[in-house]
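Close look at the chain arrangement
What follows is each chain in one-letter form.
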Amino acid sequence: MKTQFYFTLFLTKMVLLGCQSPHQNPPDPVHPIPSERQMNWQELEFYAFVHFNMNTFSDMEWGMGDESPKQFNPTELDTKQWARVVKEAGMTGIIITAKHHDGFCLWPSKYTEHSVKNAPWKDGKGDLIQELAESCKEYGLKMGIYYSPWDRNHAEYGQPEYLLYMRNQLTELLTEYGEVFEVWFDGANGGTGFYGGANEDRRVDKRSYYDWEKTIELVRELQPDAVIFGDAGPDVRWVGNEHGHAYRTTWSNLMRDSVYAGMPEYAELYATGQENGTHWVPAEADVSIRPGWYYHAYEDHKVKSLAELLDIYYLSIGQNASLLLNFPVDKRGLIHENDVIQIQQLSAKIKEDFAEDLALLAKLTTEEYQRNGHPAKNVIDTNPNTYWKAEIGTSLILQFENPVSFNRFLVQEHVPLGQRVKSFSVEVLSDDEWISVAEETTVGYKRILRLSDQTTTAVRFTVTDAKAIPLISRISLYKAPKLVTPPILSRNVAGYIQVEVPDKNVAVYYTIDGQDPDENSTPFEGPFLLEKPAMVKAISIDKETEGKKSEISMAFFDLSKAKWKVITNDPDGKKAIDEDEKSYFTSKQGKIDIDLGENLTLIGFTYLPMQHRYMTGIIQNYEFHVSQNGDQWEKVAEGEFGNIANSPIEQEVKFSKINARYIRLLARRTLDGQAPSFGEIGIRTE
Ligand code: FUL
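Cut-offs and rules
Residues numbered from 1 in each chain as written. Predicted model: local features only at pLDDT ≥ 70, side-chain atom pairs only at ≥ 80, totals over all residues. Heavy atoms only, no water. Near = heavy atom within 4 Å. Polar contact = N/O pair within 3.5 Å; in protein donor to acceptor, adjacent residues only side chain to side chain. Areas by Shrake-Rupley, 256 points an atom, 1.4 Å probe, with all protein chains shown as cover. Nonpolar A, V, L, I, M, F, W, Y, C, P; charged D, E, K, R; others polar. Salt bridge = Lys/Arg side-chain N within 4 Å of Asp/Glu carboxyl O. Helix = DSSP H or I, 4+ residues; strand = E, 2+ residues; numbered from the N terminus. Buried < 20%, exposed > 50% of the residue type's maximum accessible area, 1.4 Å probe, protein only. 1 Å grid on protein atoms, 1.4 Å probe; cavity = no way out; pocket = protein on both sides within 12 Å on 5 of 7 lines; lining within 4 Å. Points joined across faces, edges and corners; volume = space filled by probe spheres on them. Pairing = 2+ DSSP bridges. Expected span 1.5 Å × (residues − 1). Contact = heavy atoms within 4.5 Å. Axes fitted to C-alpha atoms, helices over the stretch in contact; angles between N-to-C directions. Left-handed = near helix turned anticlockwise from the far one by under 90°. Phe/Tyr/Trp six-rings, centres within 6.5 Å; stacked < 30°, edge-to-face > 60°. Lys NZ or Arg CZ within 6 Å of the ring centre and 35° of its normal.

Here's the deal with the site of the ligand
- Not every one of the 14 residues close to the ligand is listed here, only the nearest: His51, Trp62, His100, His101 and Asp186.
- One nitrogen or oxygen atom from the side chain of His51 is found 2.7 Å from an oxygen atom belonging to the ligand.
- Between His100 and the ligand, the recorded distance is 2.9 Å, taken from a side-chain N or O atom to an oxygen atom.
- Calculation on the ligand without its partners gives an accessible area of 290 Å², and the protein chains cover 98% of this total.
- Taken together, the residues that form the shell around the ligand break down as 6 nonpolar, 5 polar and 3 charged.

Regarding the pattern of salt bridges
- Taken as a whole and assessed by the stated rule, the structure comprises 43 salt bridges.
- Ionic pairing is found between Lys422 and Glu275, a salt bridge with its closest N-O pair at 3.2 Å. Of this pair, Lys422 sits in strand E17 (residues 421–430) while Glu275 sits in the loop between helix H8 (266–269) and strand E11 (279–280); the two residues are 147 residues apart in sequence, bridging distant segments of the chain.
- Note on Lys422: relative accessible area 26%, which makes it partly exposed.
- Note on Glu275: relative accessible area 27%, which makes it partly exposed.
- Among the salt bridges present, the one from Glu352 reaches Lys349, with a minimum N-O distance of 3.2 Å. Taken together, the residues Glu352 and Lys349, both in helix H10 (residues 337–353) and 3 residues apart, mark about one turn of the helix.

Considerations on empty space enclosed by the protein
- A complete count under the given rule lists 1 cavity of 30 Å³ or more for this structure.
- Each pocket or cavity is described by its volume, and for the largest cavity that value is around 30 Å³.
- Residue lining of the largest cavity: Gln42, Glu45, Ile317, Ala321, Ser322 and Tyr445, and that is the complete set.

Overview of the sheet that holds strand E26 (residues 534–542)
- The strand order E24-E23-E26-E27 describes an open sheet built from 4 strands, whose pairing is antiparallel. One side of each edge strand has no neighbouring strand; the edge strands of this open sheet are strand E24 (522–523) and strand E27 (549–557).

Comments concerning the pairing of E26
- E26 sits mainly inside the fold: 8 of its 9 residues count as buried.
- Sheet topology places strand E23 (residues 506–511) next to E26; 6 bridges connect them, and they run antiparallel. Paired with Thr511 across the two strands is Lys537, which belongs to E26.
- The pairing of E26 with E27 spans 7 bridges and is antiparallel. Bridge pairing in E27 places Ala538 opposite Ser553.
- Here E26 folds back onto E27 in antiparallel fashion, the turn holding 6 residues, of which Glu546 has a positive phi close to 45°.

Digging into helix H6 (residues 160–175)
- A rise of 1.5 Å per residue sets the reference length of H6, with its 16 residues, at 22 Å; its end C-alpha atoms lie 23 Å apart and thus fit the reference within 8%.
- Along H6, the positions that sit buried rather than exposed are Tyr162, Leu163, Tyr165, Met166, Arg167, Gln169, Leu170, Glu172, Leu173 and Leu174.
- Buried residues along H6 sit in contact with strand E3 (93–99), helix H5 (128–139), strand E4 (142–147), strand E5 (182–185) and helix H7 (212–222).

Section: the packing of helix H4 (residues 79–88) against H5
- At a closest axis distance of 8 Å, the pairing of H4 and H5 adopts a crossing angle of 40°. Here H4 runs over H5; the crossing is right-handed. Between H4 and H5, the residues in contact are Thr79, Lys80, Trp82, Ala83, Arg84 and Lys87 and Leu128, Glu131, Leu132, Ser135, Glu138 and Tyr139, respectively.

Description of the packing of aromatic side chains
- Inspection of the entire model under this criterion finds 37 aromatic pairs.
- Measuring from centroid to centroid gives 4.8 Å for Phe185 and Trp212, while their planes differ by 50°, and the two rings are tilted. Taken together, the positions of Phe185 in strand E5 and Trp212 in helix H7 put the pair 27 residues apart, joining distant regions of the chain.
- Accessibility expressed as a relative area gives 4% for Phe185, which makes it buried.
- Pairing Phe605 with Tyr622 gives two aromatic rings, centres 5.7 Å apart and planes at 70°, and the pair type is edge-to-face. Here Phe605, found in strand E30 (residues 591–608), pairs with Tyr622, found in strand E31 (residues 619–627); they are 17 residues apart in sequence, far enough to count as distant.
- Among the aromatic residues, those joined into a cluster by ring pairs are Tyr157, Tyr162, Tyr165, Phe185, Tyr195, Tyr209, Tyr210 and Trp212.
- The ring of Trp633 carries the charged tip of Arg664 above its face, separated from the ring centre by 4.0 Å.

Structural data, given as structure tokens:
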């Protein structure tokens, strides 16, 4: 869209606004508005999750509750290392999984034997929450507590007595370890478990069972400054996915009374918040730096790339949410080296992207005559408490003496008086014409737009619609240096490795021997066949920016599926083995049988659930069988894919070595009770 730029008209209307006191004439708030504790939390922006507990040692995502405390034995636990890594990355706090669904407690709770006091770690004298509290203090970080309401270990789970246990434990956690900034209540609850030996399925009424009001009251009493996280808040809400993505339109207002923790339709109906939401419950985007929340050695090469992490940063913090990034601390009790490298890269890139605020060089002009005590210059005074009281439809022009080049546009509302902006536009001046570069929706606490490079002498910002007079506290412009994105690796049905080159200006090199690739490695010139299972590593090298390199992408490929056949009459059967993540097969037989075409020594299998927005038939409980002849089958593994509902990532299951020609994955139970679906099935060979 182009608009004629009437420069002379503009000059006559142009007013440089004066410098009245920022606190003059505060406009009426537009409800809902944040509490002081919510505002303090909002400013923390970026903080860490640590998933470290029994699952770290049992190699699971969701333990059953029957694990022995003897398994919990980190060899080099160092919470100072966690705090150092987190602090150096520019994050502001750490939320620790004090008790996850399996019920094991990282502190020596008086109310259970299922805790560190019966673990070999420090001869049962350890208290991990205490250690973390001290490390956070030393590094100037806040500490938060994740506490799972669902407890698969506790005999009384599902009974009213359990609530007393839960509140007793919360009292320990919230009185014995100093200040806690956030109490994180997980929405996942109810299902099968050990439950003190009952080994049964226990469902609870998610709306009423927990009597949340009472628990919230307790938290308020013990830690008045802590925010409480839950699907229904009350203070901070879940963003509705585990990818760390908020939405282009993200309101901090929520119809809170319609939401309850763990409701199935939450993501679809409530995650974006609502313009007319009744309560202030801003979004927190949670995501793990690896596919799983807990440490699994087989994910050591699956740590998110810098490009992925940067995307997450812009899609969360850049879209009116805070970012809670998880580190699956490993069995030693350390943040793994690979994860450390990635977070260091991310923090360096964030610093680089936001190195210089070019808006500070601008002269600000607006067509608005009204001197209302909240002048436009407040958007560049770097004081978050001052703001420009704009009018809907009135533009603010940032004018530069010399052309500036930028590709990031940052804008913030003064949210203590409510979230107001419904839509806004950004234009740049080019040959005396205004060229639209963005038409967007909500702003909220912070909105960052990623744009293509713009070189201009003027930028025009307009709030095109709002709930009430818009209050803009900050506008910034930055020039983020180009990020060379790594190649994307995949394999086709015939077994050929393909490398998707992200950008025409790069050359790609690869290795298959585990070495890191560089410009001396094999140049990628077309799909190639892998004879044996191998780790493929590839790198992009930019031709424009004098050899600037991407990160290395890595993917492990087991034997090719070229000889495989799904045994079924359904023509869709092959979609479970077509190496295409987007296609899937739904089996009315409740299982999939595959002929591998030859006898192989197997040590495991993989199951990728269907990757659709609306998923159905996702397997929760499985059995895996093998056969030599397709007639007699032997069960080699069974279990549960923990957390697959919220995090439908590839699941890997290992078992003892066995020779087979046929494999069968059978669904004992799917999440929605429908026929099982199979995105992709894979094997692990020796
Ligand atoms: C989910 C849990 O079930 C996962 O295990 C993880 O803790 C994640 C942060 O929340 O609901």
